[in-house]
Amino acid sequence: MTLLIKNGRVLEPAQKTDRVADIFVEDGIISKVGEQIKETADTVIDAEGCLVMPGFIDLHVHLRDPGFEKKETVVTGAAAAARGGYTTIVAMPNTKPVVDNEDVVNYVRNKAKNMVKVHVYQAGAITKGMQGKQLADIEKMVKAGSPAISEDGKSVMDAGLLRDAMRIAARLGIPVLSHCEDANMVRGGVVNEDANAAKNGLPGISNSVEDIIIGRDVLIAKETGVKLHLCHCSTRESVEIKKLACQQGAHVTAEVCPHHFTLTSDDMIPGDTNYKMNPPLRTKEDVEALRRALKADVVEVIATDHAPHTKEDKNESMLRAPFGIIGLETAAALTYTELVLGGWLTPMQMAEKMSYNPAQVLGIDRGTLLEGRPADIVVFDPKKEYNIDASKFASKSRNTPFDGRRVTGAVRATVVDGEIAYQAEVVR
């Protein structure tokens, strides 16, 4: 099968090339990148006026499968990913049963292999049952295909146990994806600890809840030599700690989610649990610090923390409703609108943070548009203006604070291994 993508502005982050060119794909591989390619193709995409980037890679997705299929499945999550321009996603292990053994890894891998086009990787849990008491069989999960381990949704509070896990991960050459939260300091908090929380009578979560564990984890990472990736950084202090850790020789990368670089706690609508996520929405000062860190490449990755919940889940009080929002189908538009058009990132940096850098964290041969590499590609229209409409999402869930928000930038097509996984209808 052959595919020709014509006339697009090709952003190749591995070599930082930015030019108008064509891409010719044969049997799932990029065979030629150049101007006015003449080869005849089975399928042609005219990308004039569009950005052509490596397919996006999301290091942080909750697919809820197995165990919580009412919220999302491997199939619906992958469909949402493709609509959002994602060609590779990494699923977190907090399912039922927890992904703490090779059998559950194989379940997700086989379901993805047989039912979806998007590449779905399954991260393994650090501890059995995510209970923080005994290490999971990390080596067997890695052999089954897990590219990373994570206790996402919580931190391993036993520092010695975490150090043991990091030593294993370092030996196996995989990263640890760290959700940084001191469970002993949360104390029932549901929103950021600030004047808004006090006004609405809600218990708050302070910045130090996140920052203390980030500090602990980077110190252990430095000692063990493991690759540490900090999930969903939300505070101004977190990026300062991360920057200092790298200066001191630790192998640490970090991600920020679109909701954390777009919204502040001032934007929350009282009682609307679609604004309840963990970490919570922080202050204007925190958001500006995150944007500066993204611009300066202190933070290397943009990830979604796609966390689907049913309407019934979210139709509770702020105290009782679960944390989390969906993000796979809004991340690219929010990144382009808020950061590229906002002057914080160049289009090339967008490609780096959503494609190339995540691939580097995982150590996979994707995230580029070089000849000879797998043809994972996204065609992105940077001029399309529209209101986000959650009713049209491919995800099973609709829990987003961005429904109705005006954005610029839309995915026109998503190509996975040379095959079209998603193509939008184009209205001229």
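Residues numbered from 1 in each chain as written. Predicted model: local features only at pLDDT ≥ 70, side-chain atom pairs only at ≥ 80, totals over all residues. Heavy atoms only, no water.

Account for the overall build of the protein, naming residues and giving values.
Looking only at helices and strands, the protein features 13 helices and 19 strands. Taking the principal axes of the C-alpha coordinates as reference, the protein spans close to 65 × 45 × 45 Å. The proportion of buried residues among the 428 residues of the protein is 61%. Within the protein, counting contacts between residues at least 6 apart in sequence, those at least 24 apart form 75% of the total. Accessible area of the protein: about 16,800 Å², with a carbon and sulfur share of 47%. With 52 positive and 59 negative side-chain charges, the protein shows a separation of 1 Å between the mean positions of the two kinds. (Helix = DSSP H or I, 4+ residues; strand = E, 2+ residues; numbered from the N terminus. Buried < 20%, exposed > 50% of the residue type's maximum accessible area, 1.4 Å probe, protein only. Contact = heavy atoms within 4.5 Å. Areas by Shrake-Rupley, 256 points an atom, 1.4 Å probe, with all protein chains shown as cover. Lys, Arg positive; Asp, Glu negative; His and termini not counted. Charge placed at Lys NZ, Arg CZ, Asp CG, Glu CD.)

Can you explain the sheet that holds strand β10 (residues 149–150)? Please cite residues and give values.
Read from one edge of the open sheet, six strands run β9-β10-β11-β14-β15-β16, paired in parallel fashion. Of all strands in the sheet, those bounded by a partner on one side alone are β9 (124–125) and β16 (301–302). In the packing of helix α7 (residues 207–224) onto the sheet, contacts are made with β11 (175–178), β14 (227–230) and β15 (252–256), and the angle to β14 comes to roughly 165°. Lying over the sheet, helix α8 (residues 236–247) contacts β14 and β15, oriented at roughly 160° with respect to β15. (Pairing = 2+ DSSP bridges. Axes fitted to C-alpha atoms, helices over the stretch in contact; angles between N-to-C directions.)

Break down the environment of S31 for me, with residues and values.
Inspection of the secondary structure puts S31 in strand β3 (residues 29–34). Taking the relative accessible area as the measure of exposure, S31 reaches 30% and is therefore partly exposed. Residues S31 and E371 lie 340 residues apart in sequence; the distance between their C-alpha atoms is 5.3 Å. Setting aside residues up to four positions removed in sequence, S31 forms contacts with F24, V25, E26 and E371. In this structure the side chain of S31 is engaged in a polar contact, spanning 3.3 Å, whose partner is the side chain of E26. (Polar contact = N/O pair within 3.5 Å; in protein donor to acceptor, adjacent residues only side chain to side chain.)

Lay out the nonpolar core with the relevant residues and their values.
Judged by nonpolar contacts, the single largest core of 77 residues is most densely connected at M53, I89, L230 and M350. When residues no more than four places from it in sequence are discounted, the contact partners of M53 are L11, P347, M350, A351, L369, D376, I377, V378 and F380. If you look at the next biggest cluster of nonpolar residues, it comprises 19 residues, including V190, V191, A197 and L281. (Core = buried A, V, L, I, M, F, W, Y, C linked by side-chain atoms within 4.5 Å.)

How would you summarise the pattern of salt bridges if you had to cite specific residues and measurements?
Taken as a whole, this structure holds 22 salt bridges when the rule is applied. The salt bridge involving E316 is made with R320; its shortest N-O contact spans 3.4 Å. R320 gets classed as exposed once you look at its relative accessible area, which sits at 64%. A salt bridge links R373 to D365; the shortest N-O distance between them is 3.0 Å. Beyond isolated ion pairs, a larger network of salt bridges with shared partners links R163, R167 and E223. (Salt bridge = Lys/Arg side-chain N within 4 Å of Asp/Glu carboxyl O.)

Could you give an account of the packing of helix α12 (residues 331–340) against helix α13 (residues 347–362), naming the residues involved and the relevant values?
Contact pair α12 / α13: the axes reach a minimum separation of 11 Å and the direction vectors enclose 140°. Between α12 and α13, the interaxial angle falls into the category oblique. Judged by the twist between their axes, the crossing of α12 over α13 is right-handed. Residues A331, A332, T335, Y336 and V340 of α12 form the contact with α13, whose own contacting residues are P347, M350 and M354. When its residues are assigned to classes, the contact of α12 with α13 shows seven nonpolar, one polar and no charged. (Parallel < 35°, antiparallel > 145°, perpendicular 65-115°, else oblique. Left-handed = near helix turned anticlockwise from the far one by under 90°. Nonpolar A, V, L, I, M, F, W, Y, C, P; charged D, E, K, R; others polar.)

Give a description of the packing of aromatic side chains that names residues and reports values.
Scanning the model with the defined rule gives two aromatic pairs in all. Above the plane of the ring of F68 lies K71, whose end atom (NZ or CZ) is 5.7 Å from the centre. We note K276 situated over the ring of F323; from NZ or CZ to the ring centre the distance is 4.6 Å. (Phe/Tyr/Trp six-rings, centres within 6.5 Å; stacked < 30°, edge-to-face > 60°. Lys NZ or Arg CZ within 6 Å of the ring centre and 35° of its normal.)

Can you break down the pairing of β11 residue by residue, with the values?
Side chains of β11 alternate between two faces, with P175 and L177 and V176 and S178 buried alike. Relative to β11, β10 runs parallel, the two sharing two bridges. Note on β11: the bridge partner recorded for S150 is L177. In terms of handedness, the path from β10 via helix α4 (residues 159–172) over to β11 forms a crossover that is right-handed. The sheet contact formed by β11 and β14 spans four bridges and is parallel. Among the inter-strand pairings, P175 is bridged to a residue of β14, identified as K227. (Right-handed = clockwise from strand over helix to strand, strands pointing away.)

Describe the sheet that holds strand β7 (residues 86–91), listing the residues and the values that go with them.
The sheet built from three strands is open, its strands ordered β6-β7-β8 with parallel pairing. Of all strands in the sheet, those bounded by a partner on one side alone are β6 (56–61) and β8 (119–122). The sheet shows a mean angle of 15° between the axes of neighbouring strands, taken without regard to direction. In this structure, β6 lies alongside β7, joined through four bridges in parallel fashion. Bridging from a neighbouring strand, F56 pairs with Y86 of β7. Set on the sheet, α13 makes contact with β6 and β7; between it and β6 the angle comes to about 65°.

Hey, could you go over the layout of surface pockets for me, with residue numbers and the actual values?
Empty space within the largest pocket amounts to approximately 780 Å³. As for the largest pocket, its lining consists of 30 residues, of which K384, Y386, A410, V411 and Y422 are closest to the centre. Breaking the lining of the largest pocket down by element, the ones donating at least two residues are α12, β17 (377–387) and β18 (406–416). Sorting elements by how many residues they give to the lining of the largest pocket places β17 first, with six residues. Broken down by class, the residue content of the lining of the largest pocket amounts to 14 nonpolar, five polar and eleven charged. The volume enclosed by the second largest pocket comes to roughly 370 Å³. Taken together, the residues that form the lining of the second largest pocket break down as five nonpolar, nine polar and four charged. (1 Å grid on protein atoms, 1.4 Å probe; cavity = no way out; pocket = protein on both sides within 12 Å on 5 of 7 lines; lining within 4 Å. Points joined across faces, edges and corners; volume = space filled by probe spheres on them.)

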